[in-house]
Each structure stands twice: as C-alpha cells, then as structure tokens.
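Chain and residue survey
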Amino acid sequence: MGTAKNISNESDQRPPFAAFTNHQIPEKFQTLPTPCYVIDEGQLHQNGQLLADIAQRCGCKILLAQKAFSNYDFYPILNEYLAGTEASGLFEAKLGKEMMPDKEVHVFCGAYREDEFEELLKTADHIVFNSPRQLEKFGFRAKASGKSIGLRINPECSTQEGHDIYDPCAQGSRLGTTRAVWDNEMTPELIALLDGLHFHTLCEQDSDALETTLNAVEEKFGFFLSRMKWLNMGGGHHITRLDYDIKRLEKCIKRAQDTWNLQVYLEPGEACALNAGFLVTRVLDILTNGDTRIAILDSSATCHMPDVIEMPYTPPLFGAKIWINKAPTDAVSSGTEAGNMIKKSNSEGLIYRLAGPTCLAGDVIGEYSFSHELREGDLLVFGDMAIYTTCKNNTFNGMPLPNIWKRSKDGSLVQLTHFGYGDFKMRLGS
Ligand SMILES: Cc1ncc(COP(=O)(O)O)c(C=O)c1O
C-alpha cells in the first residue's frame, strides 16, 4: 500500500466508491453484520480487462501477486484475464496452482527452505532466487526438474521517498542481487542456470518510475539480459488507477522486448484488485478527550487494515473527507492541526478521529471530517479494502476476523466466510 491514492482530501466518493450508484451506500449494506469486507466482482472484471488489454497489445504476461489479494473465490474472475499467479512462498504457490490450475505459477522468496523445496518443485513453474548463494544451493535441482530459473536483481534505483519499509532499493536492502554482488559471486555455471531476471522496486507508482528503473536495469544488467528468455518487472505498477500513464508502461515493455528479445512479465497485486473492496463497519461509541472527538468502531486498524499503521496511510471513507493524511508525503499537514479538532468543527465540518476498540493506543484509522454528527450504530464504509487486508489481518486482542462477502455485478451480496471464536482459538493451541 502506499501514498498516491490517499493524498487527495477532496473527493470522498470516487473512484474507490465508483460502485455506489446515486452517491449512496447501497441499501443492502445496511443489513450486513459488521465488521465485514465486501469484494466487488464488477471492479475486478474492470481491472482484469484493463490488464488483459495491455497484455494483448504488448505481448507481455501479467500475473496476480497473491500477497496483495488472495481471496481465491474470485480467482475464476481474474483467471479470465491474467496469465497466472505470483507467490511469495510454498503456500501461496499451492493456492495459485490449485485455484488457477491451467495458468503459470511463479514464486519469489527472500530465502527458500530445504524442507519445502521438493514440494515447491511440484508446484511452481518459475522459481526466482534472491541471491547467488540460494541459486547455487537450489538452482541445479530446480533446473533438473525443468523449472524456469530466475534471479532477482537490485538495480539500486530508488524512485520513492519517505517510506523505506516499502522500498526494495533502500540502502542496505536484502532484496535482490546488486551488480557488485553479481560481479563477486556469479560464476559462469550460475549464470548459465538463469532463464530470466526479476526486479521489483516500485510501490503504487506510475510508469515514469518504471522508465527510470529500466534505465538503471539496462545500465547495470543490460549485458546479461540479452542472454535471458524473460524479464519480470515485478509489481508496484498502479496500472488500474485512473491517472496511470499506460502508454508509457507499454513503451517500457516494448523497449525491453525490442532491446533484449525476451518475454516480459508484470506481477502487480494492487492493480488487480484496486478499489475492488470495502470494509463495512459500525460506530460503537463516541467520546472526547480535550479537543479531540473520537469514534470507536467495531473494526480495527491494526487487525483489519494493518497497512494503515505500517505504511502508514489513511483510507478513503464514504461520505467523509480525510482531514489529516497519515501518508508520509503529507507529513507537513499532520500533527500540529490534530489538537484543534473541536474548534475546527464549524468551518471544516465535524472532525472525528476514527479508531479501533483494541488496547493499542495507536489503533487509529485516521482523522475525518463529516458534515453531520456521528452516532452510535452509524454505518461507515472504507474504500479500497480488497488489497493487503484480508491476507494480512489478525485476531490481536481476540478481535473477530471480519467475514468476507461477495458483491455480484447485479449488486446482490453473498457471504463467503463464517469466521468465529474457533478461528481465533485454533491458531493459539491444540
Ligand atoms: C516480488 C513482488 N512482486 C509483486 C509485488 C506486488 O506489488 P503490488 O501489490 O504493489 O503491485 C510485491 C509486493 O511487495 C513483491 O514484493
């Protein structure tokens, strides 16, 4: 998750709420037991089609990065548009193979384990290693099993600022082989093992950042790329965002194809399910502390939208404006204004800090401005909640896992999960 989509304080409705016609929360949402996630099939189709069109025009292959979105009930939809799945390890690889059985299964992991590798060989088609040592340890066996072998490179080209946690090119990063390490450790035998190179350096970025990265890749690794069958450009391409520069992306893809005569892969996660989910929640209590007006919700930042804290970012909320954005690029506007919420109320609407019910003092989703007073029981809907949420959530404090619902193209809602006490308990003991 990242900063770009949350910087705007202006629009409270679109595009994260584009599925809401008449600018209203759909009536069916009012009856949902909260908290719950609702995943929108229509938006997944729309995202998938856009990605499929690019793949078709350019001859590249686009995979679903499952770390962002692994709600497999929806894989049949994405299967219509994508070339396969990308996994971060054995379990995601198994899920991809099981749920998109006719498609490619790619895996990249920071370090593979001996006790999982045989099963991985039965599961994945493309195996990408992070270091020459891992390539040496597992690569010969993988090659003998007929796998397509890749090495993740680190072009040492940071194109984002302010959140090292999501920058694989940050100083001292463990992700990918730098040119210096390549020169020291890659023997002719290891190089001969390689079918492709992989880089992943972006996070919610436009294609100008990809262009810059590609220059660095060409400068540092261009010589080796002419011997490769494929180049995987990773994820972080915010392709399905409204203002994303698709033409420039296609230029980058064609440039790589023309320069090195290879198959290009992209493995976006966010772009596949961008704006395709909602977190529906209710107000449990309203309280104040000095100038701060607080609404405690039945959902939690730390449990149900952990990137809000990790990244950090402030998610869009239907019918309200983000008043203070947690995103690092907006740091200037945060902090000093925070203490003055009640005084600000007249000119700016009513400002509420929305927070979770857990013990964590920092379990705060954000500060939002409303045109009306919030009351206990009010229904709130956060947008863009399909990505990095259900696959990252947890039951800290014994918080229930929100159930997952499907919203079909005709607007009907179907409950997909039935989480309860058992799901909390089973991970804690016998
Ligand atoms: C190797 C790799 N590929 C793909 C992705 C997907 O990135 P995004 O969801 O930002 O498109 C990630 C995200 O961390 C990644 O680490």
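Residues numbered from 1 in each chain as written. Predicted model: local features only at pLDDT ≥ 70, side-chain atom pairs only at ≥ 80, totals over all residues.

1. Re the confidence of the model for the protein chain
- Per-residue confidence for the protein chain gives a mean pLDDT of 93, with 92% of residues at or over 70.
- Here residues 1-12 scores under 50 on pLDDT; set against residues more than four positions off or in separate chains, the count is 36 contacts.
- Overall, residues 330-340 carries pLDDT values under 50, and its contacts beyond four positions in sequence, including any with other chains, amount to 12 contacts. (pLDDT = per-residue confidence, 0-100. Contact = placed C-beta atoms within 7 Å.)

2. Here's the deal with the site of the ligand
- Surveying the vicinity of the ligand reveals 15 residues, the closest of which are Ala-65, Ala-68, His-200, Gly-235 and Gly-269.
- Across the shell around the ligand, the residue classes break down as six nonpolar, five polar and four charged. (Near = placed C-beta within 6 Å. Nonpolar A, V, L, I, M, F, W, Y, C, P; charged D, E, K, R; others polar.)

3. Regarding the domain arrangement of the protein chain
- On domain assignment, one finds that the protein chain holds domain 1 (13-40 + 276-425) and domain 2 (59-273).
- Just the C-alpha atoms count here: the centres of domain 1 and domain 2 sit 32 Å apart.
- Domain 1 puts 16 residues into the contact, and the matching count from domain 2 is 15 residues.
- Broken down by class, the residue content of the side of domain 1 that touches domain 2 amounts to 11 nonpolar, three polar and two charged. (Domains from an automatic or database assignment.)

4. Concerning the nonpolar core
- Membership of the largest hydrophobic core comes to 105 residues, with the highest contact counts inside it found for Tyr-37, Val-107 and Ala-273.
- For this core, the element with the most residues is helix α8 (residues 207-225), which contributes six residues.
- Here this core spans two domains, since at least three of its residues come from each of domain 1 (13-40 + 276-425) and domain 2 (59-273).
- Those residues in contact with Val-107 that lie beyond four places of it in its chain are Ala-87, Gly-89, Ala-93, Leu-120, Ala-124, Ile-127 and Val-128. (Core = buried A, V, L, I, M, F, W, Y, C linked by C-beta atoms within 7 Å. Buried ≥ 20, exposed ≤ 12 C-beta atoms within 10 Å, placed from the backbone. Helix = DSSP H or I, 4+ residues; strand = E, 2+ residues; numbered from the N terminus.)

5. Some points on the pairing of strand β16 (residues 403-407)
- In terms of strand pairing, strand β1 (residues 36-40) meets β16 through five bridges, oriented parallel. Across the sheet, the residue bridging to Asp-40 is Arg-407, located in β16.
- Across three bridges, the pairing between β16 and strand β17 (residues 413-415) is antiparallel. In the sheet register, Arg-407 faces β17, and the bridge partner there is Leu-413.
- Here β16 folds back onto β17, and the loop between the two strands holds five residues, one of which, Gly-411, carries a positive phi near 90°. (Pairing = 2+ DSSP bridges.)

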